[in-house]
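Reading the structure
The chain contents come next:
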Amino acid sequence: MTPDLEAEAARLDAADPLAALRAEFLPADGVVAYLDGNSLGRPLRATAQRMERFVHADWGTRLIRGWDEGWVDRPRTLGDRLGAVALGAAPGQVVVADSTTVLLYKLARAAVDHGVAAGRTEIVVDTDNFPTDRYVLEGIAAERGATLRWIEADPASGVTPEQVAGVAGPGTALVLLSHVAYRSGFLADAPAITRIAHDAGALVLWDLSHSVGSVPVRLDDWGADLAVGCSYKYLNGGPGGPAFGYLAARHIGTLRQPVTGWFGHRTPFAMGPGHEPAPDVRSLLSGTPPVLASVPLETGLEQLGRAGIEAVRAKSLRLTSFALDLADALLTPHGVLVASPRDPDRRGGHVTLRRPDFEQVNARLWERGVIGDFRAPDGIRIGLAPLSTSFAEVLAGMTALAEEVAR
Ligand SMILES: *Cc1c(COP(=O)(O)O)cnc(C)c1O
């Protein structure tokens, strides 16, 4: 580590208005640099306490009464809070439920069913989207006799408005894209793409898994139709934490998701004959909500609300640009390629670096307590969760990587 770089990291940490929030996370013994908060966020101390309290007090003593005392409404109450803190969504449009894959299926099926009924049988998606998104759409296309229209995305950047304009047309039912690409970290121009899709008469579903909690999202302002995302990445909701889904108010009552279980019924506890969808965003629900698994999201959102998403984004950009500076200084001389956008307006919260031997290099980094993640064929993702990551940590991780590539 050169003294100059150490001084620079120290200066950035000293000037970081969010620095104090790092102490709110549980320490991770033996971890030198955690560079994977974009895959699995870290637990807050408050989360450990809240989980304990929930088991003892809420579940342990309220028992079945808990359902009447708030659990039944949790998908919506937590959804509203998420909408306000991180999604730019007015109340009544977001639920917390299911896994991202399942909720993605439900929302995409609702949109495709709607399109097919109007003679629109094409789904636009890109070849570099997250695998589960592509696989789910393949399944829906097979179920509904729809056709996938693939955009060939550049794996080092992402889908452009021009590309969407080139494929969306009178046959398009749905455009599904990731707001931040999981591989490159490319930040799509969501307002422009949403407009283009709407001009073609199509609906848009945004996958926010890699942007929520790190990049400001303005679903209502964009005019988005549908959105999904994870709670366990930048929102620190814990492994297997539930997903969230957004259904714009104007579509409630018209778009119908296919898994018509009792929690999406108008009156679940009447237990009557025949499914009648709830007249509100509860229509997105299917079965018993994952109450226990959603406890960490509460504390995650409390912290994010205190920090403010604009401050988080500002720090995120400082973190990624510091990582890029370090990559240029320490890594590119050793044949490492930067496979993420350099334009801050098009960059999400992580940076991807490539070299043919990175699978082995990443394994050696894990042994040293430097935890990034490997993405086939040759990428290491440096995920920089703004609430939990220091500039000194970025320097320590990148220095370790530099030592490994110089061996
Ligand atoms: C992480 C991620 C998922 C994960 O879906 P799960 O159902 O939680 O496994 C889906 N889509 C994108 C874009 C992701 O980044």
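Here, residues in each chain are numbered from 1, in the same order as that chain's written sequence. With pLDDT at 70 or above as the cut-off, local features in this predicted model cover only qualifying residues; side-chain atom pairs require 80 or more to be listed or tallied, and sums for whole chains, interfaces and linings still use all residues. Only hydrogens and water are set aside; all other atoms, that is, all heavy atoms of the structure, feed into the side-chain values.

As for helix H5 (residues 100-117)
Here a helix means four or more residues in a row that DSSP labels H or I, a strand means two or more in a row labelled E, and each is numbered from the N terminus. Take the residue count of a helix, subtract one, and multiply by 1.5 Å to get its expected span. Between its first and last C-alpha, H5 extends 25 Å over 18 residues, near the 26 Å set by a 1.5 Å rise per residue. Considered for burial, the residues of H5 that qualify are Thr 100, Leu 103, Leu 104, Lys 106, Leu 107, Ala 108, Arg 109, Ala 110, Ala 111, Val 112, Asp 113 and Gly 115. Taken from the residues just after H5, Gly 119 is the one with a positive phi, measuring 85 degrees. Think of it in three bands: with a 1.4 Å probe and only protein chains considered, a residue is buried below 20% of the maximum accessible area for its type, exposed above 50%, and partly exposed in between.

Overview of the site of the ligand
Around the ligand sit 13 residues, and of these Thr 101, Asp 133, His 210, Tyr 232 and Lys 233 come closest. At 2.9 Å from a nitrogen atom of the ligand is found a side-chain nitrogen or oxygen belonging to Asp 133. Within 3.5 Å is the distance limit for a polar contact, defined as a pair of N or O atoms, with the added protein rule that one can donate a hydrogen and the other accept it, and that residues adjacent in sequence qualify only through two side-chain atoms. Asp 207 has a polar side-chain atom sitting 3.0 Å from a nitrogen atom of the ligand. Alone, the ligand offers 390 Å² of accessible surface; in the complex the protein occludes 86% of this. Breaking the shell around the ligand down by element, the ones donating at least two residues are H5 and helix H6 (131-144). Grouping the amino acids of the shell around the ligand by side-chain chemistry returns three nonpolar, seven polar and three charged. Whether a residue is near a molecule or strand is decided by its heavy atoms; if any one of them lies within 4 Å of it, the residue is near. A 1.4 Å probe and the Shrake-Rupley method give the accessible areas. Residues count as covered only by the protein chains that appear here. Under the scheme applied, nonpolar residues are Ala, Val, Leu, Ile, Met, Phe, Trp, Tyr, Cys and Pro; charged residues are Asp, Glu, Lys and Arg; polar residues are all the others, including Gly.

Some remarks on the packing of helix H11 (residues 309-331) against helix H13 (residues 391-405)
Fitted lines through C-alpha atoms serve as axes, helices being fitted only where they are in contact, and the angles separating the N-to-C directions of these axes extend from 0 to 180 degrees. With their axes 10 Å apart at the nearest point, H11 and H13 run at an angle of 25 degrees to one another. With respect to H13, the element H11 is oriented roughly parallel. The element H11 and its partner H13 pack so that their crossing is right-handed. In this structure, H11 uses Lys 315, Arg 318, Leu 319, Phe 322, Ala 323, Leu 326, Ala 327, Leu 330 and Leu 331 to contact H13, whose residues at the interface are Phe 391, Val 394, Leu 395, Met 398, Thr 399, Leu 401, Ala 402 and Val 405. Residue composition of the contact of H11 with H13, grouped by class: 14 nonpolar, one polar and two charged. Should an angle lie under 35 degrees it is considered roughly parallel, over 145 roughly antiparallel, and from 65 to 115 roughly perpendicular; all remaining angles are considered oblique. Take the far helix as your reference; a near helix turned counterclockwise from it by less than a right angle gives a left-handed crossing, and one turned clockwise gives a right-handed crossing. The contact criterion used throughout is that any non-hydrogen atoms of two residues lie within 4.5 Å.

Some words on the domain arrangement of the protein
Think of interface size as the accessible area that goes away when the parts come together; that is how it is often given. What marks off one domain from the next here is an automatic or database domain assignment. Per the domain assignment, the segments of the protein are domain 1 (3-44 + 308-405) and domain 2 (70-304). Computed over C-alpha atoms only, the centres of domain 1 and domain 2 are separated by 29 Å. Here domain 1 meets domain 2 over a buried area of about 2400 Å², counting both sides, of which 55% is carbon and sulfur. Reported buried area values correspond to the accessible surface (1.4 Å probe) lost by two parts on association, with both partners' losses combined. Contact with domain 2 buries surface across domain 1, with Ile 309, Arg 346 and His 350 losing the most and accounting together for 24% of the total. Definition used for salt bridges: Asp or Glu carboxyl oxygen within 4 Å of a side-chain nitrogen of Lys or Arg. If you look at where domain 1 meets domain 2, you find zero salt bridges. Viewed at the interface, domain 2 and domain 1 are joined by 18 residue pairs in polar contact (both at pLDDT 80 or more). For the side of domain 1 that touches domain 2, the elements supplying multiple residues, two or more each, are H11 and strand E10 (350-354). It is H11 that provides the largest number of residues to the side of domain 1 that touches domain 2, a total of five residues. Of the residues belonging to the side of domain 1 that touches domain 2, the class tally is 14 nonpolar, eleven polar and nine charged.

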